[in-house]
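One letter stands for each residue in the lines below.
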Amino acid sequence: MTVVVRRYTEADLAAMCQVWNQVVEEGNAFPQTELLTEESGREFFAAQTYTAVAEDTDTGSVVGLYILHPNNVGRCGHIGNASYAVDASYRGQHVGERLVRDCLARAGERGFRILQFNAVVASNEGAIHLYESLGFKRVGTVPEGFLNGRGVYEDIHVFYRGAD
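Counting of residues starts from 1 at the beginning of each chain's written sequence and follows it residue by residue. Confidence filtering applies because this is a predicted model: local features only for residues at pLDDT of at least 70, side-chain atom pairs given and counted only at 80 or more, and all residues used for totals across whole chains, interfaces and linings. Calculation of side-chain values draws on the structure's entire complement of heavy atoms; hydrogens and water are dropped beforehand.

Q: Whenever I open this one, the pairing of strand β6 (residues 137–147) confuses me. Can you help?
A: On a regular strand, each side chain points to the face opposite its neighbour's, so the side chains alternate between the two faces of the sheet. In short, DSSP must find at least two bridges between two strands for them to pair. Elements are defined by DSSP. Helices are runs of H or I of four residues or more, strands are runs of E of two residues or more, and each kind is numbered from the N terminus. Looking at chain direction, β6 and strand β7 (residues 153–162) are connected through seven bridges and run antiparallel. Its bridge partner being in β7, Thr141 is matched across the sheet by His157.

Quick look at the structure:
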């Protein structure tokens, strides 16, 4: 499999919404509970500082995506935030790593000095391992800060790293 990370296009929207909604429905990583329609997805992805997809060039399929945007405003506007989604059938194949590496580069290009993740769910061991392997530091934990899809409260961790 050959995966390329690139800026999204209008033609990617349906597949992007499908991947995003898969993560929302799993209820163990994203805080969102509402699913995206193609219309709401169009608005949501366009509102980000940068949105990219991971494309399996062998099949032309969108297999993952990320959004990058400010974590805050004003004097904290140099801190970026991002969310990543990988199609369940492609997890464990380093798609997430490619997305995060690309995001770090795009964040630096867009003036973000830091990436901060505010709510990495404690049970999301794959994401935690990936972030730590790429040099992100865990700076705190919010006890029971996430209500998962099974109705159970879980801890969330805050991570940060300098952008490239």
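Anyway, onward from the coordinates.
Q: Whenever I open this one, the packing of aromatic side chains confuses me. Can you help?
A: Pairs of aromatic rings are described using the distance from one ring centre to the other and the angle between the two planes. The rule is short: rings of Phe, Tyr and Trp, with Trp giving its six-membered ring, pair when the centres are within 6.5 Å, and they are stacked under 30 degrees, edge-to-face over 60, tilted in between. In the structure shown here, the tally under the stated rule is 13 aromatic pairs. Ring centres of Tyr66 and Tyr84 lie 5.9 Å apart, and the angle between their planes is 50°; this geometry places the pair in the tilted category. Placement of the pair is Tyr66 in strand β3 (residues 61–70) and Tyr84 in strand β4 (residues 79–86), with a sequence separation of 18 residues. Of the two residues examined, Tyr66 and Tyr84, each falls in the buried class. Aromatic ring contacts, followed pair by pair, group Tyr50, Tyr66, Tyr84, Phe117, Tyr131, Phe136 and Phe159 into a single cluster. Relative accessibility decides the category of a residue: with a 1.4 Å probe and only protein chains considered, values under 20% of the type maximum give buried, values over 50% give exposed, and everything between is partly exposed.

Q: Is there a simple way to explain the sheet that holds β4 in this structure?
A: Hydrogen bonds along the backbone pair up the strands of a sheet, which may run parallel or antiparallel. Pairing is mixed across the open sheet formed by seven strands, whose spatial order is β1-β2-β3-β4-β5-β7-β6. Looking along the sheet, the strands with just one partner apiece sit at the ends: β1 (3–7) and β6. Strand-to-strand twist in this sheet, taken as the mean axis angle between neighbours without regard to direction, amounts to 25°. Of the strand pairs in this sheet, strand β5 (residues 114–121) and β7 are connected by six bridges, and their pairing is antiparallel. Within β7, the residue paired with Gln116 across the bridge is Tyr160. Between N-to-C directions, angles cover 0 to 180 degrees, with each direction set by a line fitted to C-alpha atoms, over the stretch in contact for helices.

Q: Before we go on, may I ask you to explain the nonpolar core in this structure?
A: It is characteristic of soluble globular proteins that their nonpolar side chains tend to be buried jointly. Counting 29 residues, the largest nonpolar core has Tyr66, Tyr84, Leu115, Phe117, Tyr131 and Phe136 as the members making the most contacts within it. Every element with two or more residues in this core is listed here: β1, β2 (50–56), β3, β4, α3 (95–109), β5 and α4 (125–133). The dominant element in this core, judged by the number of residues it contributes, is α3, at six residues. In this structure, Cys17, Leu36, Leu65 and Ala85 belong to the second largest nonpolar core, which totals 17 residues. To define a nonpolar core, start from buried Ala, Val, Leu, Ile, Met, Phe, Trp, Tyr and Cys residues and group those joined through side-chain atoms within 4.5 Å.

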